[in-house]
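The residues making up each chain are set out below.
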Amino acid sequence: MNPLLYVAQRGTAVILAVAVAVHLGTILYAVRGGLTAGEILGRTQGNRAFLAFYGVFVIAAAIHAPIGLRSILREWTGWRGRSLDGAMLAVSALLVVLGLRAALAVYIA
Amino acid sequence: MNAPIPNAALNGRAVEPATGAMLTVRIRRDGGFQTFAVARRPAQTILDVVTEIQREQDPTLAYRFACRVGMCGSCAMMVNGRPRWTCRTRVAAVAASDGLTLEPLRNLPVVKDLAVDMEPFFEKWTAAHGAFEPGDAPTVDFAVVAPDSPERRAVDAGIECINCGVCYAACDVVTWNPDYLGPAALNRAWTLVNDVRDRGREARLEAVSGDAGCQSCHTHMSCTESCPKALAPTFAIAGLKRETAKASLRRLGARRFRRSA
Ligand code: HEM
Ligand code: SF4
Ligand code: SF4
Ligand code: FES
């Protein structure tokens, strides 16, 4: 792994550690507080802090996960080279699209 | 300093075996296992067992040793699935129910029976720039190195490696990624990165980076657990990860600076 990819993976891991904790905390709060779907959407709609948080979360995951996946695929399959790197870029793009789409959906809805 | 040998904790077994006790030894050779029976003896080592088989039962058995006292690093084998120096491993410490399984060192090509070809191991040592680089103009004066400086301590922590290949055999990443330089070569590189007299730092940091380099280590610690010299290649590799990361960020910054200037 290139040292810059290494820095990117460890750096995003720090962001993810915080984001995952906040994310889980929010879920627990929403579920235990007995919020309905409507009440949740009421809080997320037009909430820029919400959008910014999940935007950062999604982008961090989209950087972090493909770098790790690349290592695993190199170790467990014979897949190497540019085709692998291209596929990992595609995974990253997919995570960004799916993640941001979900975050935008609850922001706009 | 060698790792402590667990004489007191011999799996609850006595160093002095019962008279007439026998050991069943399975040795991997020629694509299968061959079984030998060897008498248990007081304070017997694995190397004693292999030597006895070769001298008394089968002179064609190939294996390697030199010093017999944990100095040369040539006697390493897989003993019951773990890499060990056979000269410094007592049978009583490792034999489960009077059975022993001996195999050639993992992750290296077999020459014959229990002797492996160490060439790839040493090639990686070279690839990781494991040799001291004095630079074009050798210093005229002695380098003054304070014994308690952090760099000198980092060197001390890894300097005692005797190239036995035990850690290399223990590392799963070497198995999965045969290009991976491995714990011993990276540990050596780390001692040189911390040698203030060395002039090859940049090139060495470059050489230990990438898919074959330190970033591929998963911090499994198998190398550190098994090193008979009680070295900790895992921490040396963590140091290399830090230094290569810093160097790459500096290069990135320098490129930005040049572009904006
Ligand atoms: C709490 C947040 C997280 C932290 C602290 C974290 C930390 C790390 C670290 C340190 C590694 C490197 C392991 C190694 O090289 O041995 C890693 C690898 C990896 N991470 Fe994460 N991660 C987090 C969340 C995630 C998430 C959310 C995903 C998936 C979307 C993910 C996917 C991966 C993958 C696929 C690897 C490669 C596994 C490997 O190299 O052994 N991680 N993670
Ligand atoms: S680091 Fe330890 S186990 Fe590895 S080659 Fe050196 S002495 Fe042997
Ligand atoms: S710590 Fe790194 S070098 Fe050591 S055994 Fe684990 S993966 Fe291999
Ligand atoms: S024979 Fe030299 S280390 Fe074992």
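Quick note: structure is the one above.
First, a word on scope: everything that follows refers to the structure included in this document. It should be emphasised that the depicted structure is a prediction, and the values quoted were computed from it without experimental measurement.

So, how was this worked out
- The numbering scheme is per chain: residues are counted from 1 as the chain's sequence reads.
- Naming scheme: in the order in which they are written, chains are lettered from A and ligands are numbered from 1.
- In keeping with the predicted nature of the model, local features appear solely for residues at pLDDT of at least 70, side-chain atom pairs appear and are counted solely at 80 or more, and the whole-chain, interface and lining totals rest on all residues.
- Side-chain figures throughout are based on the complete set of non-hydrogen atoms in the structure, without hydrogens or water.
- In DSSP terms, a helix is any run of H or I states spanning at least four residues, a strand is any run of E spanning at least two, and both are numbered starting from the N terminus.
- Under the convention used throughout, the expected extent of a helix is 1.5 Å for every residue step, that is, one less than its residue count.
- Exposure classes here rest on a 1.4 Å probe applied to the protein chains alone. A residue is buried below 20% of its type maximum, exposed above 50%, and partly exposed in between.
- Should any heavy atoms of two residues lie within 4.5 Å, those residues are considered in contact.
- Here a residue is considered near a molecule or strand provided that any single heavy atom belonging to it is located within 4 Å of it.
- Two N or O atoms count as a polar contact when they lie within 3.5 Å, although within protein this holds only if one can serve as hydrogen donor and the other as acceptor, and sequence-adjacent residues are included solely when both atoms are side-chain atoms.
- When residues are sorted by character, Ala, Val, Leu, Ile, Met, Phe, Trp, Tyr, Cys and Pro go into the nonpolar class, Asp, Glu, Lys and Arg into the charged class, and all the rest, Gly among them, into the polar class.
- For two strands to pair, DSSP has to find at least two bridges joining them.
- To get an axis, a line is fitted to the C-alpha atoms, and for a helix only the part in contact is used. The angle between two axes follows their N-to-C directions and goes from 0 to 180 degrees.
- Between the rings of Phe, Tyr and Trp (Trp by its six-membered ring), a pair exists once the centres lie within 6.5 Å; its type follows the angle of the planes, with under 30 degrees stacked, over 60 edge-to-face, and the other angles tilted.
- Only when the NZ of Lys or the CZ of Arg is both within 6 Å of the ring centre and within 35 degrees of the ring normal is a charge said to sit over the ring.
- Grouping into patches uses exposed residues only, defined as over 30% relative accessible area, and leaves out salt-bridged ones; the cut-off is 9 Å for like charges and 5 Å for nonpolar side chains (Val, Leu, Ile, Met, Phe, Trp, Tyr).
- Note on areas: Shrake-Rupley, 1.4 Å probe, and residue coverage restricted to the protein chains presented here.
- The rule for a salt bridge is simple: a side-chain nitrogen of Lys or Arg has to be within 4 Å of a carboxyl oxygen of Asp or Glu.
- Note on charges: Lys and Arg go in the positive column, Asp and Glu in the negative column, and His and the chain ends are not counted at all.
- One atom stands in for each charge, and that atom is NZ of Lys, CZ of Arg, CG of Asp or CD of Glu.

### Some thoughts on helix 4 (residues 81–108) of chain A
Residues and elements named next belong to chain A.
1) Next: The end-to-end C-alpha distance of helix 4, which contains 28 residues, comes to 40 Å, matching closely the 40 Å that a straight helix rising 1.5 Å per residue would cover.
2) Next: Along helix 4, the residues classified as buried are Leu 84, Met 88, Ser 92, Gly 99, Ala 103 and Tyr 107.
3) Next: The inward-facing, buried residues of helix 4 abut helix 2 (37–44) and helix 3 (48–76).

### What about the site of ligand 1?
1) Next: With respect to spatial proximity, the complete set of residues near ligand 1 consists of Gln9(A), Arg10(A), Ala13(A), Leu16(A), Ala17(A), His64(A), Ala65(A), Gly68(A), Leu69(A), Ile72(A) and His218(B).
2) Next: The site occupied by ligand 1 is bordered by residues of chains A and B.
3) Next: Within the side chain of Arg10(A), one N or O atom sits 3.0 Å away from an oxygen atom of ligand 1.
4) Next: Measuring from a nitrogen atom of ligand 1, one finds a side-chain N or O atom of His64(A) at 2.8 Å.
5) Next: Elements with a minimum of two residues in the shell around ligand 1: helix 1 (3–32) and helix 3 of chain A.
6) Next: Classifying every residue of the shell around ligand 1 gives six nonpolar, four polar and one charged.

### Here's the deal with the sheet that holds strand 5 (residues 99–103) of chain B
Residue and element names in this part refer to chain B.
1) Next: Strand order across the open sheet formed by five strands is 2-1-5-3-4, with mixed pairing between neighbours. In the strand order of this sheet, the two ends are held by strand 2 (32–39) and strand 4 (82–85), each with one partner. Looking at each pair of strands side by side, their axes are set apart by 35° on average, direction ignored.
2) Next: Helix-sheet contacts for helix 1 (residues 46–57) involve strand 1 (22–29), strand 2, strand 3 (76–79) and strand 5, and the interaxial angle to strand 2 is about 95°.

### Some points on the packing of aromatic side chains
Residues and elements named next belong to chain B.
1) Next: Per the stated rule, a full pass over the model turns up eight aromatic pairs over all chains.
2) Next: Consider the rings of Tyr 63 and Phe 65, whose centres lie 5.6 Å apart with planes at 15°: the pair is stacked.
3) Next: We classify Phe 65 as partly exposed; its relative accessible area is 30%.
4) Next: Here the aromatic rings of Phe 121 and Tyr 168 are separated by 5.4 Å at their centres, their planes lie at 85°, and the arrangement is edge-to-face. Of this pair, Phe 121 sits in helix 3 (residues 119–127) while Tyr 168 is found in helix 5 (residues 166–170), placing the two residues 47 residues apart along the sequence.
5) Next: Looking at Arg 26, its charged tip hangs above the ring of Phe 33, at a distance of 4.2 Å from the centre.

### Points about a nonpolar patch on the surface
1) Next: A surface patch of nonpolar side chains, about 340 Å² in accessible area, is lined by Val20(A), Leu24(A), Ile27(A) and Val31(A).
2) Next: The residue Ile27(A) is located in helix 1 in this model.

### Thoughts on a positive patch on the surface
All names here are of chain B.
1) Next: There is a patch of like positive charges on the surface, built from Arg 255, Arg 256, Arg 258 and Arg 259.
2) Next: Structurally, Arg 255 is set in helix 10 (residues 233–260).
3) Next: We classify Arg 255 as partly exposed; its relative accessible area is 40%.

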